[in-house]
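# Structural characterization, general
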Amino acid sequence: MKLLVVLLALGGFGALYGFKICDRKAPGTIMGSPTNCSEFYMCRDGRPVLFACPENMYFDVDTAACGYEAFCADNDVDFSQDPYEPPVQEYSPIETNPSQLVTGQSLMCRGAPVGAIRADMTGCSAFYQCTKVGPLRLECPAGTLFDSNRMLCDPADIVSCAYAPPPKPPAPSAGNMLELLCYGKKNGYKFAHPTNCARYVVCNGNNRAQEFTCPSGTAYNKLRKICDFTHNVEC
């Protein structure tokens, strides 16, 4: 069993670590906190996003993932400023909601190494990290979504989300009854005209309705969905 080492920060080191931990780190880099073994950071263009492991789990610096048995240690971050380098911009960590361990059978992390990041195939407000005990669901901070190309949480207006639900078609105007009847219907959907038995309506898939008139002596048969002799149609 690995030794669980909890390091206590002195003075303002913990705050400084949170502010500068992502200095010159690649986007998506994950690093543990030296002041709280149940927390870790994901870097987003120099800005740290703070995540927390589930209850009774700790961040393992060896696997860069949460686990029940974890080695928590200082990452040897050097905060000294090179006089020839431009000043480092400091950011306060962005906090997120508590993470959740996915229980039961899950194929999401099958064959993936511990610490691997996986997109949520049902939406973009969260993502998953593979751990030794199963997938860990992590929610992106408010105002951000998970970018499936960059594999990190980015501002929602610039995110490329492969699993975003398709946008809903615009609602039709309340004044057009036929468009209301076609709202959400597939292209080619056909139904009887609500006020004229000799007419029928075809939806084009974009909430648009097109009216047609049956030949003389016929009416639209709702059951057969064709123009039929009037004596075969209940109007």
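Presented here is a report on the structure given in the accompanying data block. (Residues numbered from 1 in each chain as written. Predicted model: local features only at pLDDT ≥ 70, side-chain atom pairs only at ≥ 80, totals over all residues. Heavy atoms only, no water.)

## Focus on the packing of aromatic side chains
- One pass over the structure, following the stated rule, counts seven aromatic pairs.
- Relative to F191, the ring of Y189 has its centre 6.0 Å away and its plane inclined at 40°; by these criteria the two rings are tilted.
- Considering the side-chain rings of Y200 and Y220, the 5.1 Å spacing of their centres and the 20° angle between planes classify their relative orientation as stacked. Residue Y200 is located in strand β14 (residues 199–203), and its partner Y220 is located in strand β16 (residues 218–221); the two are separated by 20 residues in the primary sequence. For the pair formed by Y200 and Y220, the shared burial category is buried.
- Among the aromatic residues, ring-to-ring pairing joins F40, F51, F59, F127 and F146 into one connected group.
- Sitting above the plane of the Y189 ring, K185 keeps its charged end 5.6 Å from the centroid.
- One cation-aromatic arrangement involves K225 over Y189; the distance from NZ or CZ to the ring centre is 6.0 Å. (Phe/Tyr/Trp six-rings, centres within 6.5 Å; stacked < 30°, edge-to-face > 60°. Helix = DSSP H or I, 4+ residues; strand = E, 2+ residues; numbered from the N terminus. Buried < 20%, exposed > 50% of the residue type's maximum accessible area, 1.4 Å probe, protein only. Lys NZ or Arg CZ within 6 Å of the ring centre and 35° of its normal.)

## Side note on the pattern of salt bridges
- Applying the stated criterion to the full structure yields eight salt bridges.
- One salt bridge connects E179 with R208, and the closest N-O pair in it is separated by 2.8 Å. Of this pair, E179 sits in helix α2 (residues 177–182) while R208 sits in the loop between β14 and β15 (209–213); the two residues are 29 residues apart in sequence, bridging distant segments of the chain.
- E179 gets classed as buried once you look at its relative accessible area, which sits at 11%.
- Note that R224 is salt-bridged to D228, the shortest N-O span being 3.0 Å.
- Given a relative accessible area of 52%, R224 falls into the exposed group.
- Judged by its relative accessible area of 7%, D228 is buried.
- Several salt bridges converge on common partners, so that one network encompasses D45, R150 and D154. (Salt bridge = Lys/Arg side-chain N within 4 Å of Asp/Glu carboxyl O.)

## Thoughts on the state of the cysteines
- Summed over all chains, the structure comprises six disulfides.
- Across the disulfide from C53 sits C66; the S-S distance is 2.0 Å. Residues C53 and C66 are joined through a disulfide that is left-handed, its torsion about the S-S bond being -80°. Remark: C66 occurs in strand β5 (residues 65–67) and C53 occurs in the loop between β3 (47–52) and β4 (58–60); sequence separation between them is 13 residues. Of the two residues, C53 and C66, neither departs from the other in class, the shared state being buried.
- The disulfide that involves C214 links it to C227, with 2.1 Å between the sulfurs. Given an S-S torsion of about -75°, the disulfide between C214 and C227 has left-handed geometry. Separated by 13 residues along the polypeptide, C214 in the loop between β15 and β16 and C227 in strand β17 (residues 226–229) bring together distant segments of the chain. (Disulfide = S-S within 2.5 Å.)

## Examining the pairing of strand β10 (residues 134–139)
- Judged from the two bridges that link them, strand β7 (residues 100–101) and β10 form a sheet pairing that is antiparallel. Note on β10: the bridge partner recorded for L101 is L136.
- Here strand β9 (residues 126–131) runs beside β10; their pairing, made up of six bridges, is antiparallel. When the bridges of β10 are listed, A126 appears paired with E139.
- Hairpin connection from β9 to β10: two residues lie between these consecutive antiparallel strands. (Pairing = 2+ DSSP bridges.)

So, to be careful, I would describe these as geometric facts and stop short of saying anything about function.
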